[in-house]
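The lines below spell out each chain.
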Protein chains: 2
Amino acid sequence: MSPKITTELLKQLRQVMKNPRYVQEPVQAYIVPSGDAHQSEYIAPCDCRRAFISGFDGSAGTAIVTEQHAAMWTDGRYFLQAAHQMDSNWTLMKMGLKDTPTQEDWLVSVLPEGSKVGVDPFIIPADQWKRMSKALRSAGHDLVPVKENLINTIWTDCPQRPCKPLITLDLSYTGISWRDKIVALRSKMAERKVMWFVVTALDEVAWLFNLRGSDVEYNPVFFAYAVIGMNTIRLFIDGDRMMDPAVREHLQLDSTLEPEFKIQVMPYGSILSELQAVGAGLSPKEKVWLSDKASYALTEAIPKAYRYLTPYTPICIAKAVKNAAETEGMRRAHIKDAVALCELFNWLEKEVPKGTITEIVAADKAEEFRSQQKDFVELSFATISSTGPNGAIIHYKPVPETNRTLSVNEIYLLDSGAQYKDGTTDVTRTMHFGTPSAYEKECFTYVLKGHIAVSAAIFPNGTKGHLLDSFARSALWDCGLDYLHGTGHGVGSFLNVHEGPCGISYKTFADEPLEAGMIVSDEPGYYEDGSFGIRIENVVLVIPAETKYNFKNRGSLTFEPLTLVPIQTKMIDVNLLTEKELNWVNEYHQRCREVVGAELERQGRHEALRWLLRETEPLARVQ
Amino acid sequence: MSPKITTELLKQLRQVMKNPRYVQEPVQAYIVPSGDAHQSEYIAPCDCRRAFISGFDGSAGTAIVTEQHAAMWTDGRYFLQAAHQMDSNWTLMKMGLKDTPTQEDWLVSVLPEGSKVGVDPFIIPADQWKRMSKALRSAGHDLVPVKENLINTIWTDCPQRPCKPLITLDLSYTGISWRDKIVALRSKMAERKVMWFVVTALDEVAWLFNLRGSDVEYNPVFFAYAVIGMNTIRLFIDGDRMMDPAVREHLQLDSTLEPEFKIQVMPYGSILSELQAVGAGLSPKEKVWLSDKASYALTEAIPKAYRYLTPYTPICIAKAVKNAAETEGMRRAHIKDAVALCELFNWLEKEVPKGTITEIVAADKAEEFRSQQKDFVELSFATISSTGPNGAIIHYKPVPETNRTLSVNEIYLLDSGAQYKDGTTDVTRTMHFGTPSAYEKECFTYVLKGHIAVSAAIFPNGTKGHLLDSFARSALWDCGLDYLHGTGHGVGSFLNVHEGPCGISYKTFADEPLEAGMIVSDEPGYYEDGSFGIRIENVVLVIPAETKYNFKNRGSLTFEPLTLVPIQTKMIDVNLLTEKELNWVNEYHQRCREVVGAELERQGRHEALRWLLRETEPLARVQ
C-alpha cells in the first residue's frame, strides 16, 4: 500500500472552503464524516468522500481539514491501515489512546478565534451535531451547515449514486405484508401521539416495504426515504425502479386502494422540501417521530417543539424480532451456508498441504460454493480470510499485498457470510490443517468455553444482551486472556448483517432487551498479535427456555444456534471442558450431522458429507 | 402503622405556596425531594421534610404537592410501606411500573397552563434540575428556585441541625495526611486546568480533612462544605467544633503554615455567598470543579462558562482506593466484627429454640456484641434482622408491629454492620436453627454459587464492576430464579457504608473501573415473597491476581474477602457445588478459623471459638 498523494486535493478543498459560491461565509474547518445521508455503516462508492480526500478507506474514520491542518480520527482496528494509506499532509488521531484529543478539543486548540466549522448537514447525525455544536459554541466558534458537499465540488470523477433494480419479497419470505407493517407502525405512532414518522435508515425502508435492492455492496438495500403519516405514505426514491411491473404490483401502485394505503412516489432529492412542508403545516401537539441519529438536515426540517426523537425507531425494534416466516428462512439459509462451508473445508483440507491456496483463493472458493446454493444473492460482508499473523487483525481483508498462503503450520480463520433471499448468514470458524500446538488448543478451548457460556446461557425475559458479555470472557479471564471487541451483534433477515437494537457487548448500555425471535451473533475470540487469531462465531436465535422455576412466570430465554458448521475438534483440549460443555459440543455436532447431513445427501455432495461425519464424531474425555 | 393525617399540613403548604413572603410569584406545584443540601443518601432528622409532609419515611421518595393533588414517587422496595404511612390525600406513584407517569409528565398533565413549579435549590441536584426544567419548559411551565424551604416554614417543631463534636483521625488510620490529600487534589485540579474545587458531599469533606463526625446516624460525617483553591482552603462549618483543641491541632489552625495550607474556617451558611464571590471574581479560563450532583444553588453560583462538572469528583475516586493503612484497618474491623457475630450466632443457636428471641432482640444482641469490640463507634446502618416472610422484604427493619419471633422452622436473615474507628463493616448471613427444607437449601446453594462466582472472579485491570453482575446470577438463572437488586456497592473506610464510584450492578453503566484497593460488597440473594429471604454478603477487597498470561501485562484483578464469618454449611446442598466451589468454601472457612479463631482465643471467647470450629468443619461431597 502506498499512500494517496493529497496535496493538490487539500489545496482545492481549502479553496472551496472560502468560495462564496459554496459557503455563505468562509469556513476555517471542514468536517468529512464516514457516513452517508442515511447514517449507514456500509456505504456506496459515491459516498466514500472521506476515503477520497484522505486515501484512508477503513470503515470508520472522520477527517477534519483546516486552513493549516488535516487530521483523521479512527479507532484501534485501523491505526496501521490509516498510517499506510495517508500521506504526510495528514495527522493520525488514534482514538481510544489517552493523549488523543477529541475532535472538538482539537478544533478548539487549532482554530483562530470566532471560527466557522462547516459540515454537510445531510451526513452528520443530529445527536452528533448537537454535541459538537455545543462544544464549539462554548469556545466561541460556530458549527455551520454547508448545503453543498464540498468534497463533491472537487471530486470530478465521483461515481454516480447507484440505482439498481429492486427485488420484491412475498409473504413466504417476510411473514407480514407491507400494509400490515404500516398498520402496526401507525398503531405505535398513535400510542406515542405522533402524526408522522420519517424513515431514514435504508434497511428500515427496505424492511417496511418488503423490498430489497443492491445499491450498497453486501447490504440488500436501496437509496430511499419514507414519510408515513396517519393517512398517507410517501416513498422518496429515484430512477425507473418504480416502472418495474413487479414492483408496481407489489406496492399496488396501480390498484384502487383505501387512500391511507396509497403510496405516493416522490423523487429521492425532494425529501427535504417535502419534510419542510410537513414541518410548516403542523398544528400544535402534532409531533413528528425521527431517529435521534437521523441527519441534522432532516431533523432541522421539523421545528424543535414538534420533534419526537428516540434512539431506536419502532421499525428498528419490530424488524429485530423475526416472525415465523423469517425464522424459517434464516434456518434454511444457514443450512445452505453450512453445506457450502462443509464443501470448502473438505476442499481446503486436501488443497492446503499442496501450498497453493492463498487467503484470496480460499475466500473466492467460499464464495463459489455459496453461490451454488439456492437463492444466493451476494456475500453479506467482505470475507475475512486470514492465516497466521493476519488472523490477529480483527477486521482483516486479504489484498494482494498481504495475501498469505495457507499452510499446515498456521491457524486459519475464516469469517464470512452471505445474503440469500431467505436469510443472512455470518459464521466464523478457526481451523488448523496440520497439528496445532498445545497453546493454540488451550486458547481455542477457552474461546469455545466462552462461546458455549453465551449460547447455553439461560436468562430472564427482559435481560439486555450486554449483561451476557462477560459470560463469553470468563474462561479467558481466568487465565489472563481477553479480546477487545464485543461478543455479538444483531443480524438482519436478508438485510444488513449488523443491525440494532440488540447485541452482546460490554461497550453499550443502551441496547434493547433480548426477546424471543431476535437474532444475534455469538463470537468471542482471542488474538495473539503477530501469531494467530481465533474466533468461533455462530448466529443464534433467542428462544424461550424451560427452567425449573421460570422466574415467577416472567419467562426464561436462551439461544438456539442457527449456524450449523462443525467446530474443529482437533483444536479442542477436551480436558479443559466441563461435562456440560462436552455435552454441548457433542449435541451441537449431532445436530449438524442430522440437519446439514440430510441436505448434503439431498444435494448429492457425498465427499463433503463424509467430511461432516468425520468432523462431528462425538468427543470423549481422555481417561 | 397508621397513616399520618396530612390534611392540615397540606392546607398550610398550599397557603405558603402563594404567600409573597416566601415566593416571588405563587407556585402551582412544590417539589419535596428526599435529600439534603449535600445529596446524602442518609439524612438527619431536620432534613426529613418529605417524611414530615407525607408521613412516608422510606429512604427514597419524592413528593409533589399542587393546588389540587399530592403525589409521592417511590420504588418497589417501598410500595407497601408508603401505602401504609400516607393518608388519602396522597396518590402513590409506583416507579418502575409501566403505567406510572414520570414526575414531569404528571406535572404537565395536572398543571394549568403557564404554571410555576417551585423547589428548594439547595436540595435538588443540578443534573436533576436540568432535566426537569427542560421538560417543564417544553410544556410551557417554569421550574423556579424557592429560596426559603417551604416545608421549613410550616414545620414548627423541626429539629435543630445536628452539630456534634468531631473525631480526628491520625495517620495510623488514614495513611495520608490532609495536607497530602490537598496536594494530590490540587495536582488533579492542575491536570484539568481548574482553579477551584467545591467539596459538597459530606463524606468527601470528612475524608479530605481526616475528620469524622456524627451529625447523621450511621454515617460518621458532619455538616460542612469546603472550597479548595490552588492557594486557599476554606472550610464551612458551624458550632464550636473548631474550638476543640484536638481539632485545632489536627488542622494546624494555630500554627504558622505556608499560606496555601492555612485553613480559613467560615460559617456553614456562608457557602453560597462565598461561592458567588468566587464566581464573580473569575478571570477567563478559570474553571470551578463541581460534582454534577451538587445542588442547583451552588452550581448556579458559578457562571455556566466557568463550570467544570463531572459525575465523580477526584476525591470520590481517591477515597475509593484504600491505602495500606486503611486496608489494614478494614481487615482489623472485619475480624472484630466476625468475633461479635460468632458470639451472636452461638448465642442464637442456644436461645432460639426457647422461643423468646424476636428480630429486635436479636438485632440488639448483635449491637451489644459489636459494642464490646475495640474502637466501636456505632452501627453502619439499621440492622436488617428478619425471619421467615420478613426476610423477603429486602430493606426490612424490625419494628414492634412487624417483630417476629425466631424459630427452628424459619430461615433467619441478618444484614448488619458497624462503624469502628479503623473501618466499616457490612455482612449478611442467612441461618436456619432447625432443619432447612430441600428447596431452601437449593436456593441457598444457588445464591452461594453466585457469591463465589463474583468473589473468585478474575478479570483484567480496567474492568467495570457492572460487568461482573451476571456472574452472581448465572446459577440462579439456570433454574429460573433471580433477585431484583444489584450485587454490590462500594464501602467506605470508617465512612459511609454505601459509597461510589464503583459497585457491581446491572443498573449502572457509569461506574468507574475496579482497581486494586477498592472495596465493594458481594451480596447476591433470593427472595420468596411471603416465605423467606436469602442473602450472602461479604465485603471484599480488590487485589491483584496471578494469572497464567496476565492480560499481556495489562494486569489481573480478583477479590479477597474481608468479611470472615462462617457461611452456614447446613444450608448448603453440597452436590450442587462444583469441585472449585467446594474448595472455595473450605478454604474460606479455613481462613475464618485461622484469623477469627486466633482473635476469639485472644479475647478468651472460648464458647464462640468452639462454635466457629464446628461451623467451619471442611465440607465433603456425599458419595
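Scoring rules and cut-offs
- Residues numbered from 1 in each chain as written.
- Chains lettered and ligands numbered in written order.
- Predicted model: local features only at pLDDT ≥ 70, side-chain atom pairs only at ≥ 80, totals over all residues.
- Heavy atoms only, no water.
- Helix = DSSP H or I, 4+ residues; strand = E, 2+ residues; numbered from the N terminus.
- Rg over C-alpha atoms; globule rule 2.2 N^0.38 Å.
- Contact = heavy atoms within 4.5 Å.
- Areas by Shrake-Rupley, 256 points an atom, 1.4 Å probe, with all protein chains shown as cover.
- Lys, Arg positive; Asp, Glu negative; His and termini not counted.
- Charge placed at Lys NZ, Arg CZ, Asp CG, Glu CD.
- Pairing = 2+ DSSP bridges.
- Axes fitted to C-alpha atoms, helices over the stretch in contact; angles between N-to-C directions.
- Salt bridge = Lys/Arg side-chain N within 4 Å of Asp/Glu carboxyl O.
- Buried < 20%, exposed > 50% of the residue type's maximum accessible area, 1.4 Å probe, protein only.
- Buried area = accessible area lost by both parts, 1.4 Å probe.
- Polar contact = N/O pair within 3.5 Å; in protein donor to acceptor, adjacent residues only side chain to side chain.
- Nonpolar A, V, L, I, M, F, W, Y, C, P; charged D, E, K, R; others polar.
- Least-squares fit on C-alpha atoms with pLDDT ≥ 70 in both.
- Arc of directions from axis to C-beta.
- pLDDT = per-residue confidence, 0-100.
- Domains from an automatic or database assignment.
- Parallel < 35°, antiparallel > 145°, perpendicular 65-115°, else oblique.
- UniProt positions renumbered as here; feature names shortened; annotations may be inferred.

1. Considering the overall build of chain A
Link 1 in the chain: When helices and strands are tallied, chain A shows 19 helices and 28 strands.
Link 2 in the chain: The C-alpha atoms of chain A give a radius of gyration of 25 Å, which matches the 25 Å a tight globule of 623 residues would have.
Link 3 in the chain: Principal axes of the C-alpha set define a box for chain A whose edges measure 80 × 60 × 50 Å.
Link 4 in the chain: Nonlocal contacts in chain A, meaning residues at least 24 apart in sequence, comprise 71% of its contacts between residues at least 6 apart.
Link 5 in the chain: Carbon and sulfur atoms provide 52% of the accessible area of chain A, an area that totals close to 24,600 Å².
Link 6 in the chain: Across chain A, the centroid of the 66 positively charged side chains sits 4 Å from that of the 79 negatively charged ones.

2. Description of the sheet that holds strand 17 (residues 411-416) of chain A
Residues and elements named next belong to chain A.
Link 1 in the chain: Strand order across the open sheet formed by three strands is 16-17-20, with antiparallel pairing between neighbours. If you trace the sheet from one side to the other, it starts and ends with strand 16 (384-387) and strand 20 (427-432), each paired once. Strand-to-strand twist in this sheet, taken as the mean axis angle between neighbours without regard to direction, amounts to 10°.
Link 2 in the chain: Pairing geometry for strand 16 and strand 17, over four bridges, is antiparallel. What sits directly across from Ser 385, in strand 17, is Leu 414.

3. Points about the sheet that holds strand 15 (residues 376-379) of chain A
All names here are of chain A.
Link 1 in the chain: Strand order in the open sheet formed by three strands is 15-18-19, with antiparallel pairing between adjacent strands. Each of the sheet's edge strands pairs with one partner strand only, and the pair in question is strand 15 and strand 19 (423-424).
Link 2 in the chain: Bridge count for strand 18 (residues 418-420) against strand 19 is two bridges, and the pairing is antiparallel. By the bridge assignment for strand 19, Gln 419 is matched with Thr 424.
Link 3 in the chain: Taken strand by strand, helix 15 (residues 359-371) contacts strand 15 and strand 18, and its axis lies near 160° from that of strand 15.

4. A few points about the pattern of salt bridges
Link 1 in the chain: Per the counting criterion, the structure on display carries 76 salt bridges over all chains.
Link 2 in the chain: Its salt-bridge partner being Asp482(A), residue Arg554(B) comes within 3.3 Å of it at the nearest N-O pair. Note that Arg554(B) is positioned in the loop between strand 27 (538-544) and strand 28 (556-561) and Asp482(A) in the loop between helix 17 (474-478) and strand 22 (488-490), a pairing that runs across two chains.
Link 3 in the chain: Its relative accessible area of 36% is what places Arg554(B) among the partly exposed residues.
Link 4 in the chain: Here Asp142(B) and Lys116(B) are joined by a salt bridge, their closest N and O atoms 3.4 Å apart. With Asp142(B) in strand 6 (residues 142-145) and Lys116(B) in strand 5 (residues 116-119), this residue pair connects regions lying 26 residues apart in the sequence.

5. Regarding the interface of chain B and chain A
Many analyses report the size of an interface as the accessible area lost when the parts associate.
Link 1 in the chain: Listed by partner, the interface residues are 35 residues for chain B and 34 residues for chain A.
Link 2 in the chain: Here chain B packs against chain A, burying approximately 2,800 Å² in sum over the two surfaces, 59% of which is carbon and sulfur.
Link 3 in the chain: Ranking the residues of chain B by area buried against chain A places Trp477(B), Phe509(B) and Tyr549(B) at the top, with a combined share of 23%.
Link 4 in the chain: The interface formed by chain B and chain A contains six salt bridges.
Link 5 in the chain: Counting every contact that joins chain B to chain A gives 14 residue pairs in polar contact (both at pLDDT 80 or more).
Link 6 in the chain: Every element with two or more residues in the side of chain B that touches chain A is listed here: helix 5 (126-138), helix 16 (438-455), strand 21 (459-460), helix 17 (469-478) and strand 25 (525-528) of chain B.
Link 7 in the chain: At five residues, the largest contribution of residues to the side of chain B that touches chain A is made by helix 17 of chain B.
Link 8 in the chain: Residue composition of the side of chain B that touches chain A, by class: 18 nonpolar, seven polar and 10 charged.

6. Some details on the relation of the copies chain B and chain A
Link 1 in the chain: Overlaying chain B on chain A yields an RMSD of 0.1 Å, the required transformation being a rotation through 180° with an accompanying axial translation of 0.1 Å. Taken together, the turn and the small shift mark the pair as related by a two-fold rotation axis. In terms of proximity to the rotation axis, the leading residue of chain B is Phe509(B), whose C-alpha is 3.2 Å off the axis.
Link 2 in the chain: A high fraction, 97%, of the interface residues of chain B reappear at the interface in chain A, so the copies pair face to face through one surface.

7. Observations regarding helix 1 (residues 7-16) of chain B
Link 1 in the chain: Here helix 1 of chain B has its buried residues at Leu9(B), Leu10(B), Leu13(B) and Val16(B). Angular distribution of buried residues about the axis of helix 1 of chain B spans 125°; they occupy a single face of the element.

8. Focus on the confidence of the model for chain A
Link 1 in the chain: Residues of chain A with pLDDT of at least 70 account for 100%, and the chain-wide mean is 96.
Link 2 in the chain: The complex model carries a pTM of 0.94, and its ipTM stands at 0.93.

9. Structural notes on the pairing of strand 12 (residues 263-266) of chain B
Link 1 in the chain: Relative to strand 12 of chain B, strand 11 (residues 233-237) of chain B runs parallel, the two sharing four bridges. Bridge pairing in strand 12 of chain B links Leu235(B) to Val265(B).

10. A short note on the domain arrangement of chain A
Residue and element names in this part refer to chain A.
Link 1 in the chain: The assigned domain composition of chain A is domain 1 (6-154), domain 2 (167-319) and domain 3 (321-615).
Link 2 in the chain: For domain 1 versus domain 2, the separation of C-alpha centres amounts to 30 Å.
Link 3 in the chain: Surface buried jointly by domain 1 and domain 2 totals about 1,400 Å² across both partners, of which 65% is contributed by carbon and sulfur atoms.
Link 4 in the chain: Looking at the side of domain 1 facing domain 2, the largest losses of area belong to His 38, Tyr 42 and Phe 122, adding up to 42% of the total buried there.
Link 5 in the chain: One can count zero salt bridges joining domain 1 with domain 2.
Link 6 in the chain: Where domain 1 packs against domain 2, one counts nine residue pairs in polar contact (both at pLDDT 80 or more).
Link 7 in the chain: In terms of residues, the side of domain 1 that touches domain 2 owes the most to one element, helix 5 (residues 126-138), which gives three residues.
Link 8 in the chain: Counted by class, the side of domain 1 that touches domain 2 contains 11 nonpolar, three polar and three charged residues.

11. A word on the environment of Arg554(B)
Link 1 in the chain: Note: C-alpha distance between Arg554(B) and Pro389(B) (165 residues apart in sequence) is 47 Å.
Link 2 in the chain: Beyond its immediate chain neighbours, meaning those up to four positions away, Arg554(B) contacts Asp482(A), Leu484(A), Pro460(B) and Asn461(B).

12. Remarks on the packing of helix 16 of chain B against helix 18 (residues 579-602) of chain B
Residues and elements named next belong to chain B.
Link 1 in the chain: Where helix 16 contacts helix 18, the axes come no closer than 11 Å and their chain directions differ by 80°. In terms of orientation, helix 16 and helix 18 fall into the roughly perpendicular class. Contacts between helix 16 and helix 18 involve Leu 448, Lys 449, His 451, Ile 452 and Ser 455 on the former and, on the latter, Glu 581, Trp 584 and Val 585.

13. Focus on the UniProt feature "domain: Peptidase M24 C-terminal" (unreviewed entry) in chain A
Link 1 in the chain: The UniProt entry lists residues 557-619 of chain A under the feature "domain: Peptidase M24 C-terminal" (unreviewed entry), expressed in the numbering used here.
Link 2 in the chain: With 54% helix and 8% strand, residues 557-619 of chain A has its two end C-alpha atoms placed 28 Å apart.

14. Overview of the side chain of Thr383(A)
Residue and element names in this part refer to chain A.
Link 1 in the chain: Structurally, the position occupied by Thr 383 is in the loop between strand 15 and strand 16.
Link 2 in the chain: The buried category is assigned to Thr 383, whose relative accessible area is 9%.
Link 3 in the chain: Once residues lying within four places of it in the same chain are set aside, the contact partners of Thr 383 are Ala 363, Tyr 396, Lys 397, Pro 398, Leu 414, Asp 415 and Ser 416.

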